[in-house]
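Reading the structure
Read off the chains here:
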Amino acid sequence: MIEVHEMEKTMIEKDDLAEFQWESREEGFAALEHEVIYRELCSGCGLCVAVCPEDVIGFGEYPRLIGKCVNCGYCLMACPRSFLPKAEVEERLLGEAGGELGVVKGVYSVRTKEKGQDGGFVTALLKYMLKKKLVDGAVVSDLDPSKPWKPMPRIARTAVEIETAAGSRYSTSPNLMTLKVAKQKGLKVAVVGTPCHLDGAAKLKAYPVEGAELGDLVRYTVAVFCKSNFIYPMVGEHLAGKEGIDLAKVDKMDIKGKHLIVYEGGKEKKILLKDIHGYERLGCKVCDDFTGRFSDFSVGSVDSEAGYSTVITRTKEADRILKDMKKEGLIEVKAMGVDGLPVAHKLAEQKKSRARKEVAKIRRDALPLPLKYLGE
Ligand code: SF4
Ligand code: SF4
Ligand code: SF4
């Protein structure tokens, strides 16, 4: 479990915002709009919804105000895209600054009998954590029953709910908004998400927002490797509309190389990523983290054989849990070592390089980035 190391927890007071030179800091939700949303930095993590004490932030593809804002400023303070000094957060949470792929305790290729994406490790891990009562539930992305292949965050509390939610969806799921429910019900949870979700979870732990004590509820974090993501119209307009895919028959989607592969009733349909580039979530362009460096476990498929998950453990406890699962016969494990991740290294470097260029563009367009953004 990631815990705060050495330095004491620092509560962020409203006045601290002055440090970040935001003229609009007194303007409540409007400040979040000006500093993050309108500047196309929002990753869609959902944390602002969870910390709002007035419950006035709704979420479509982006957060929006749905009631009277009292200008407390919590949403902007908590948002991982307002400021996130990554090296400092890494030191606080993992006790050291990591290399290119973050802090690494172990790297493994893992196979399970579960049905989830690739080797099914995430499903097996969450079921194990529930069974051992390490957590009361898991924050996951499930499917919205009202719209085909639209992700919907939920807290899965049974093995069946975890199995139902397994698999990748490739459009925005504001998973962290469910932390509000976890707080109301007093649940300790594992959070599964893309690296940007875990930026939010890490920021909650490293800089707890006064009045919104959510960080301690997050017991474990599991990051899914992520190169980029899409807004939901990619599914509704492009896959169903332009490609004529019957979404009701789709069992699985997967990104491999230059394609999004859609498995529709036993057939594979390959969609070129460049053809759906226009639906990319704007906040993904400045994202510089492929593996999720603030997680206990990072999981993906690159660098492992088909049917296996690549797993990076970043804490001693995560490594022990993986080894206990192996001892109990729940997973087959092959040790890889960090040198066994050439593709992950390459994709991580590509992502960083693109983020640097996008940030430079925002600077050229005279849209000042919040201080310390991307570790500056
Ligand atoms: S968190 Fe505070 S500033 Fe943000 S929308 Fe809610 S009430 Fe307004
Ligand atoms: S990045 Fe997360 S916290 Fe920030 S505005 Fe977007 S959804 Fe809200
Ligand atoms: S590319 Fe970054 S911002 Fe976009 S979904 Fe993946 S982790 Fe989140």
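All values reported here derive from a predicted model rather than from experimental measurement.

As a further point, take the sheet that holds strand 11 (residues 297-300). If you trace the eight strands from one edge of the open sheet to the other, you get 5-4-6-7-11-12-3-13, paired in mixed fashion. The open sheet terminates on both sides in strands that have one partner only, identified here as strand 5 (151-156) and strand 13 (331-335). Here the average twist between neighbouring strands, direction ignored, is 30°. In terms of strand pairing, strand 4 (residues 137-143) meets strand 5 through six bridges, oriented antiparallel. Looking across to strand 5, one finds that Leu-143 is bridged to Pro-151. Taken strand by strand, helix 5 (residues 121-131) contacts strand 3 (106-112), strand 4, strand 6 (189-193), strand 7 (218-224), strand 11, strand 12 (309-313) and strand 13, and its axis lies near 145° from that of strand 11. Sitting on the sheet, helix 8 (residues 195-206) is in contact with strand 6 and strand 7, with an inclination near 155° to strand 7.

Take the packing of helix 4 (residues 86-94) against helix 8 next. How two helices pack is summed up by the angle between their axes together with the distance between the axes. Running from N to C, helix 4 and helix 8 point in directions that differ by 65°, and their axes come no closer than 10 Å. When the axes of helix 4 and helix 8 are compared, the pair comes out roughly perpendicular. The hand of the helix 4/helix 8 crossing is left-handed. Residues Lys-86, Val-89, Arg-92 and Leu-93 of helix 4 pack against Asp-199, Ala-202, Lys-205 and Ala-206 of helix 8. In the contact of helix 4 with helix 8, the residues fall into four nonpolar, no polar and four charged.

On to the packing of helix 5 against helix 10 (residues 316-327). Orientation of helix 5 relative to helix 10, taken along the N-to-C sense of each, is 90°, at an axis distance of 11 Å. When the axis of helix 5 is compared with that of helix 10, the two are roughly perpendicular. On helix 10, the residues touching Phe-121, Ala-124, Leu-125, Tyr-128 and Met-129 of helix 5 are Ile-321, Leu-322, Asp-324 and Met-325. Residue composition of the contact of helix 5 with helix 10, grouped by class: eight nonpolar, no polar and one charged.

Moving on, we get to the site of ligand 1. The environment of ligand 1 is made up of 13 residues, and the closest members are Cys-52, Cys-69, Cys-72, Gly-73 and Cys-75. Broken down by class, the residue content of the shell around ligand 1 amounts to nine nonpolar, three polar and one charged.

What follows concerns the confidence of the model for the protein chain. With 88% of its residues at a pLDDT of 70 or more, the protein chain shows a mean pLDDT of 87. Contacts of residues 370-376 to residues separated by more than four positions or lying in other chains number 25 contacts, the stretch itself having pLDDT below 50.

In this section: unusual backbone geometry. Even without glycine at this site, Lys-133 takes up a positive phi of about 60°. Among the structural elements, Lys-133 can be located in the loop between helix 5 and strand 4. Positive phi values are uncommon outside glycine, yet Trp-149 reaches one of about 60°. Looking at where Trp-149 falls in the secondary structure, it is placed in the loop between strand 4 and strand 5.

Turn by turn, an α-helix covers 3.6 residues, leaving residues three or four places apart pointing in a common direction. For helix 4, the complete set of buried residues consists of Lys-86, Val-89, Glu-90, Arg-92, Leu-93 and Leu-94. The buried residues of helix 4 occupy an angular sector of 165° when the element is viewed end-on, so they sit on one face. If you follow the buried residues of helix 4, they end up packed against helix 8.

Okay, the sheet that holds strand 8 (residues 250-256) next. Two modes of strand pairing occur in sheets, parallel and antiparallel, and in both the strands are linked by backbone hydrogen bonds. Strand order in the open sheet made by the three strands is 8-9-10, with antiparallel pairing throughout. Both edges of this open sheet fall to strand 8 and strand 10 (267-272), since each of them pairs with a single strand only. Taking the axes of each pair of neighbouring strands and ignoring which way they run, one obtains an average angle of 20° across the sheet. Sheet topology note: the strand 9 (residues 259-264)/strand 10 ladder contains six bridges and is antiparallel. Residue pairing for strand 10: Glu-264 is matched across the bridge by Lys-267.

Residue position: Ser-109 is located in strand 3. A residue is classified by how much of its surface remains accessible, and Ser-109, at 6% relative accessible area, is buried. Among all residues touching Ser-109, those that are not within four sequence positions of it are Ser-304, Tyr-308, Ser-309, Glu-332, Val-333, Lys-334 and Met-336. Here Ser-304 takes part through its side chain, which lies 2.6 Å from a polar atom of the side chain of Ser-109.

Criteria and thresholds
Throughout, a residue's number is its position along its own chain's written sequence, starting from 1. As they are written, the chains are lettered A onward and the ligands numbered 1 onward, keeping that order. For a predicted model such as this one, the threshold for reporting local features is a pLDDT of at least 70, and the threshold for listing and counting side-chain atom pairs is 80 or more; totals across whole chains, interfaces and linings nevertheless cover every residue. Side-chain numbers come from the whole structure's heavy atoms, not from hydrogens or water. Between any two strands, pairing holds if DSSP finds at least two bridges. Helix and strand labels come from DSSP, where a helix needs a run of H or I of at least four residues and a strand needs a run of E of at least two; each type is numbered from the N terminus. To get an axis, a line is fitted to the C-alpha atoms, and for a helix only the part in contact is used. The angle between two axes follows their N-to-C directions and goes from 0 to 180 degrees. Contact between two residues is taken to exist if any of their heavy atoms lie within 4.5 Å; hydrogens are not considered. Comment on the angle field: the value is read as roughly parallel under 35 degrees, roughly antiparallel over 145, roughly perpendicular from 65 to 115, and oblique elsewhere. Helix crossings fall into two classes, left-handed where the near helix is turned counterclockwise from the far one by less than a right angle and right-handed where it is turned clockwise. The residue classification treats Ala, Val, Leu, Ile, Met, Phe, Trp, Tyr, Cys and Pro as nonpolar and Asp, Glu, Lys and Arg as charged. All others, Gly included, are polar. Here a residue is considered near a molecule or strand provided that any single heavy atom belonging to it is located within 4 Å of it. One confidence number per residue, pLDDT, is output by the predictor and ranges from 0 to 100. The buried label applies to any residue whose accessible area, calculated with a 1.4 Å probe on protein chains only, is under 20% of its type's maximum; exposed applies above 50%, and partly exposed to all values in between. By arc we mean the arc of the directions from the helix axis to the C-beta atoms, nothing more. Contacts described as polar in this section are N or O atom pairs within 3.5 Å, which, within protein, must combine one atom able to donate a hydrogen with one able to accept it, while residues neighboring in sequence count only if both atoms come from side chains.

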